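# Survey of secondary and tertiary structure
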Amino acid sequence: LRAMPLFADLSDDCMRWVCSQLTEVRLAPGDTLVREGDPISNFFILVDGEMSVFKRTDGALLPAGHHQGPAFFGEIPLLAQTHVFVTLRAVSPCRLGQLAEDAFRRLLAESPEFSKVIFRAMAERVAGMESFLRQREKMAALGKLAAGLAHELNNPAAAIARVVDRLRHVLDALYEAT
């Protein structure tokens, strides 16, 4: 853990306390750690492994990013006191440390170094999520525009097809008459 920027500047006593508060979690590939909409009560430290992040949009679960260990997550819903807004699923075998909410809040309050890293990461993640949502909105608008354009093009195309079909009948009638 000491190699992670999150814990690099913590005192030895603080680091020992953090380690005493962690619960180890192991996930196999495909296992889900948290689901979008679930309540959250833990901060997670991905020691090793890889996790995919998914966001539900228009009923479909879409990829929204990934975490490669060492990494951490869970700070946004804990601090905002909201439900989880993404689904986290193991891509490879994962080893995580789970820190209960009260221990996480205590560490935030007592360690300015820890707080600085958490709030910086939180700001980056919120900006990334906003960008992701803006892109999804743009793609949805583009899809609606394409559907409308296809509908508008389909009407003249259908009219032309009817005229060609009618012309074919007229030409057949002319050949038969001659």
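To be clear, the structure that these remarks concern was listed above.
Rules of the game
Residues numbered from 1 in each chain as written. Predicted model: local features only at pLDDT ≥ 70, side-chain atom pairs only at ≥ 80, totals over all residues. Heavy atoms only, no water. Helix = DSSP H or I, 4+ residues; strand = E, 2+ residues; numbered from the N terminus. Rg over C-alpha atoms; globule rule 2.2 N^0.38 Å. Contact = heavy atoms within 4.5 Å. Areas by Shrake-Rupley, 256 points an atom, 1.4 Å probe, with all protein chains shown as cover. Lys, Arg positive; Asp, Glu negative; His and termini not counted. Charge placed at Lys NZ, Arg CZ, Asp CG, Glu CD. Pairing = 2+ DSSP bridges. Axes fitted to C-alpha atoms, helices over the stretch in contact; angles between N-to-C directions. Buried < 20%, exposed > 50% of the residue type's maximum accessible area, 1.4 Å probe, protein only. Arc of directions from axis to C-beta. Patch = residues over 30% accessible without salt bridge, like charges linked within 9 Å, V, L, I, M, F, W, Y side chains within 5 Å. Salt bridge = Lys/Arg side-chain N within 4 Å of Asp/Glu carboxyl O. Parallel < 35°, antiparallel > 145°, perpendicular 65-115°, else oblique. Left-handed = near helix turned anticlockwise from the far one by under 90°. Core = buried A, V, L, I, M, F, W, Y, C linked by side-chain atoms within 4.5 Å.

## Some words on the overall build of the protein
- Regarding its fold elements, the protein presents four helices and eight strands.
- Secondary structure elements of the protein, listed N to C terminal, follow the sequence α-β-β-β-β-β-β-α-β-β-α-α.
- The C-alpha radius of gyration of the protein comes to 28 Å, more than 25% above the 16 Å expected for a compact globule of 178 residues.
- Seen along its three principal axes, the alpha-carbon backbone of the protein occupies a region of about 105 × 30 × 25 Å.
- A sequence separation of at least 24 residues applies to 74% of the contacts in the protein between residues at least 6 apart.
- For the protein, the computed accessible surface area is about 11,000 Å², with 58% contributed by carbon and sulfur atoms.
- Of the side chains in the protein, 20 bear a positive and 22 a negative charge, and the two mean positions are spaced by 2 Å.

## Describing the sheet that holds strand β3 (residues 42-48)
- Spatially, β1-β8-β3-β6 is the arrangement adopted by the four strands of the open sheet, whose pairing is antiparallel. This sheet does not close on itself; its edge strands, each paired only once, are β1 (23-27) and β6 (71-73). For this sheet, the mean angle separating the axes of adjacent strands, direction not counted, is 25 degrees.
- Its contacts with the sheet put helix α3 (residues 101-110) on β3 and β8 (94-100), and the angle it makes with β8 is roughly 75 degrees.

## Overview of helix α1 (residues 12-21)
- Listed in full, the buried residues belonging to α1 are Cys14, Met15, Trp17 and Val18. Taken end-on, α1 shows its buried residues confined to a sector of 160 degrees, consistent with a single buried face. In α1, the exposed positions angled more than 90 degrees off the buried face are occupied by Asp12, Asp13, Arg16 and Ser20.

## A short note on α3
- Of the positions making up α3, those classed as buried are Ala103, Phe104, Leu107 and Leu108. Taken down its axis, α3 places every buried residue within 140 degrees of arc, on the same side. Away from its buried face, by an angle of more than 90 degrees, α3 presents the exposed residues Asp102, Ala109 and Glu110.

## Brief notes about a nonpolar patch on the surface
- A contiguous nonpolar surface patch, about 510 Å² in accessible area, is contributed by Leu167, Val170, Leu171, Leu174 and Tyr175.
- When you line up the elements, Leu174 lands in helix α4 (residues 112-177).

## Quick look at the packing of α1 against α3
- It is at 11 Å that the axes of α1 and α3 come closest, and there the two elements cross at 165 degrees. Taken as axis vectors, α1 and α3 run roughly antiparallel relative to one another. Considering only the axes of α1 and α3, their crossing is left-handed. Note on element contacts: α3 touches α1 through Ala103, Arg106 and Leu107, opposite Cys14, Trp17, Val18 and Gln21.

## What to know about the sheet that holds strand β4 (residues 50-57)
- Strand order in this open sheet of four strands is β2-β7-β4-β5, and the pairing throughout is antiparallel. Two strands lie at the open edges of the sheet, namely β2 (32-34) and β5 (60-68), each paired on one side alone. When the angles between neighbouring strand axes are averaged without regard to direction, this sheet yields 30 degrees.
- In terms of strand pairing, β2 meets strand β7 (residues 87-90) through two bridges, oriented antiparallel. When the sheet's bridge partners are listed, Thr32 is paired in β7 with Arg89.

## Points about the nonpolar core
- Ranked by size, the top nonpolar core spans 40 residues in total, and within it Phe7, Leu33, Phe43, Met51, Leu96 and Phe114 carry the most contacts.
- For this core, the element with the most residues is α4, which contributes six residues.
- Leave out the neighbours within four places in its chain, and Phe114 touches Leu6, Phe7, Leu10, Phe43, Phe104, Leu107 and Leu108.

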